[in-house]
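Structural overview
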2 protein chains.
Amino acid sequence: MTAEYPMIPSGPFAPADREAVYRAIYSRRDVRSQFTSRPIDDATLLRLLRAAHHAPSVGLSQPWNFILIRSAAIRAAAQGAFARANAEACAMFPAQRRPLYSTLKLEGILQAPVNLCITCDHSRGGAVVLGRTHQPQMDLFSTVCAVQNLWLAARAEGIGVGWVSIFDPADLRALLHLPDHVSPVAWLCLGHVEELHAEPELQARGWASRLPLEELIFHESWGQHET
Amino acid sequence: MTAEYPMIPSGPFAPADREAVYRAIYSRRDVRSQFTSRPIDDATLLRLLRAAHHAPSVGLSQPWNFILIRSAAIRAAAQGAFARANAEACAMFPAQRRPLYSTLKLEGILQAPVNLCITCDHSRGGAVVLGRTHQPQMDLFSTVCAVQNLWLAARAEGIGVGWVSIFDPADLRALLHLPDHVSPVAWLCLGHVEELHAEPELQARGWASRLPLEELIFHESWGQHET
């Protein structure tokens, strides 16, 4: 049945190539402070967007758009929206966590030479989308797969990426003039980086720790650690 | 400020390593029909789960769990849940699309030697999670990043992955005994593959086509193609 269509071999990568993929996965970081001012050239940026565009998408609906933001005025407005949300966020934490929270740098909107908003168009692919009939959020999930493709490609290109999520989405919607059928999914800061934290910055700073993987794996049913 | 913490160099990968990352991204497919019956050994499976576990997560909350399903009974029940949802799904399409829809194979639940449900625990990380204060869906988005990490690692390992989304989520919740604070995010079929479609299967079969990337890129604001 599959023989009618062109196929490609799909065995395991050679060890060095496999390790390159794992290296991208393990050394990827959420970058806020390490951006250099060096511009990202158009060819590199296009390779990142092309990697995002080749993410899996529900029913091949490709619900994403890529809004590149370089304008100082728009970045300043975004930084203002972040600052308002972040002040609200800080107040939500228990009093003993606020001093540490307030020392964390959680965005690099003005430092990064390029900001990128990846959006999800809920109308893409028509009224009924294959694979989305019973899980309407699948279009958002496809868009997130595009984010992660871009993030890993960026690591291989020496470009750092930071995902800023401390925004009232209505602020982003207004700032970028998004129509009602489009949701902002990820606001990303992109720029060249020369070094990255050896471990996730929130772990280095004592905010949270990596959970033991084995505790997160179950067999056949929720909570079942043995088969 | 960052000098207090251990850092790693983060320049671009060597060309061959960069190409390996792009090869994983471009040759990854949503697999339904190409699984061989060869089991996945535990070490390989653990590498895939470890790749998923190193996804970015909001506030380092790591909201994911990994439920490995090999039981024939549970896979048969899942396949039944899919078949019910898929019959409903087919009826939602315009009459002229139903004949093609009904010929598409949209899952490999019984063929794949391992099924994997990746879930999102909405209580993980406590009542207030850094970065999730203004966008509560960020925990689901983190979980999807884990899915995409696993998917790309699997490509490098010669393992095919298919994401089955045509389920009533309540069926998965009941089948896997998920507590109320946990959502099923992705039901994945995993198995060795010897060949993959050269282009996405839905494109090969004429269901949908790749959109031109340049039409999806805007500058500074929604809809703006020129700077």
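Our structure's up above, just so we're on the same page.
In this text the structure is predicted, and so the values were computed from the model without any measurement.

**As for the nonpolar core**
Among the nonpolar cores identified, the biggest contains 132 residues, and A:Val21, A:Ile118, A:Ala153, B:Val21, B:Ile118 and B:Ala153 are the most heavily contacted of them. Ignoring any residue separated from it by four or fewer positions in sequence, one finds B:Val21 in contact with A:Ala20, A:Val21, A:Ala24, A:Leu152, A:Ala153, A:Ala156 and B:Phe13.

**Observations concerning the relation of the copies chain B and chain A**
Both copies of the chain are placed relative to one another by a rotation about an axis and a shift along it. When chain B is fitted to chain A, the residual RMSD is 0.0 Å, and the transformation amounts to a turn of 180° plus an axial shift of 0.0 Å. The superposition operator between the copies reduces to a two-fold rotation axis. Distance from the rotation axis, computed per C-alpha, reaches its smallest value in chain B at B:Val21: 2.6 Å. When the interface residues of chain B are mapped onto chain A, 100% of them again fall at the interface, so both copies present the same face.

**Considering the sheet that holds strand S4 (residues 159-164) of chain B**
The strand order S7(A)-S2(B)-S3(B)-S5(B)-S4(B) describes an open sheet built from five strands, whose pairing is mixed. Lying at the two open borders of the sheet, with one neighbouring strand each, are strand S7 (217-219) of chain A together with S4 of chain B. The average angle at which neighbouring strand axes cross in this sheet is 30°, direction not considered. Pairing of strand S2 (residues 64-69) of chain B with strand S3 (residues 114-121) of chain B involves six bridges; the strand directions are antiparallel. Bridge pairing links B:Ile67 to B:Cys117 in S3(B). Its contacts with the sheet put helix H5 (residues 138-157) of chain B on S2, S3, S4 and strand S5 (182-192) of chain B, and the angle it makes with S5(B) is roughly 5°.

**Quick notes on the pairing of strand S4 (residues 159-164) of chain A**
Residue and element names in this part refer to chain A. Of all the six residues making up S4, six are buried; the element is thus mostly covered by neighbouring parts of the structure. Burial along S4 is two-sided: the face carrying Ile159, Val161 and Trp163 and the face carrying Gly160, Gly162 and Val164 are both buried. As paired elements, S4 and strand S5 (residues 182-192) share six bridges and run antiparallel to each other. The residue of S5 that forms the bridge with glycine 162 is cysteine 189.

**Quick word on the sheet that holds S4(A)**
Pairing is mixed across the open sheet formed by five strands, whose spatial order is S4(A)-S5(A)-S3(A)-S2(A)-S7(B). Taken across any chain shown, the strands that pair with only one partner, and hence form the sheet edges, are S4 of chain A together with strand S7 (217-219) of chain B. The average undirected angle you get between the axes of adjacent strands in this sheet is 30°. Across eight bridges, the pairing between strand S3 (residues 114-121) of chain A and S5(A) is antiparallel. Each bridged residue has a counterpart across the sheet, and for A:Val114 the counterpart in S5(A) is A:Leu190. Sheet strands in contact with helix H2 (residues 42-53) of chain A are strand S2 (64-69), S3 and S4 of chain A together with S7 of chain B, and its direction is about 155° off that of S2(A). Sheet strands in contact with helix H5 (residues 138-157) of chain A are S2, S3, S4 and S5 of chain A, and its direction is about 5° off that of S5(A).

**Section: the interface of chain B and chain A**
With 96 residues of chain B at the contact, the number on the chain A side is 96 residues. In terms of residue count, H5(B) provides more of the side of chain B that touches chain A than any other element does, 10 residues in total. Here the side of chain B that touches chain A is built from residues that sort into 60 nonpolar, 26 polar and 10 charged.

**Focus on the packing of H2(A) against H5(A)**
What describes two packed helices is the angle between their axes and the distance between those same axes. Residues and elements named next belong to chain A. Relative orientation of the contacting elements H2 and H5 amounts to 145°, with a least axis distance of 7 Å. H2 and H5 meet at a crossing whose hand is right-handed. Mapping the contact onto sequence places Thr44, Arg47, Leu48, Ala51, Ala52 and His53 in H2 and Ala146, Asn149, Leu150, Ala153, Ala154 and Glu157 in H5. Residues that form the contact of H2 with H5 fall into these classes: seven nonpolar, three polar and two charged.

**Side note on the packing of helix H1 (residues 15-27) of chain A against H5(B)**
Orientation of H1(A) relative to H5(B), taken along the N-to-C sense of each, is 170°, at an axis distance of 9 Å. In terms of orientation, H1(A) and H5(B) fall into the roughly antiparallel class. Judged by the sense of rotation from one axis to the other, the crossing of H1(A) with H5(B) is left-handed. Contacts between H1(A) and H5(B) involve A:Asp17, A:Arg18, A:Val21, A:Tyr22 and A:Ile25 on the former and, on the latter, B:Asn149, B:Leu152, B:Ala153, B:Ala156 and B:Glu157. Classifying every residue of the contact of H1(A) with H5(B) by side-chain character gives six nonpolar, one polar and three charged.

**Quick word on H5(B)**
Along its 20 residues, H5(B) runs 29 Å from first to last C-alpha, staying within 8% of the 28 Å computed at 1.5 Å per residue. Extensive coverage of H5(B) is indicated by the burial of 19 of its 20 residues.

About the criteria used
- Residues numbered from 1 in each chain as written.
- Chains lettered and ligands numbered in written order.
- Predicted model: local features only at pLDDT ≥ 70, side-chain atom pairs only at ≥ 80, totals over all residues.
- Core = buried A, V, L, I, M, F, W, Y, C linked by C-beta atoms within 7 Å.
- Buried ≥ 20, exposed ≤ 12 C-beta atoms within 10 Å, placed from the backbone.
- Contact = placed C-beta atoms within 7 Å.
- Least-squares fit on C-alpha atoms with pLDDT ≥ 70 in both.
- Pairing = 2+ DSSP bridges.
- Helix = DSSP H or I, 4+ residues; strand = E, 2+ residues; numbered from the N terminus.
- Axes fitted to C-alpha atoms, helices over the stretch in contact; angles between N-to-C directions.
- Nonpolar A, V, L, I, M, F, W, Y, C, P; charged D, E, K, R; others polar.
- Left-handed = near helix turned anticlockwise from the far one by under 90°.
- Parallel < 35°, antiparallel > 145°, perpendicular 65-115°, else oblique.
- Expected span 1.5 Å × (residues − 1).

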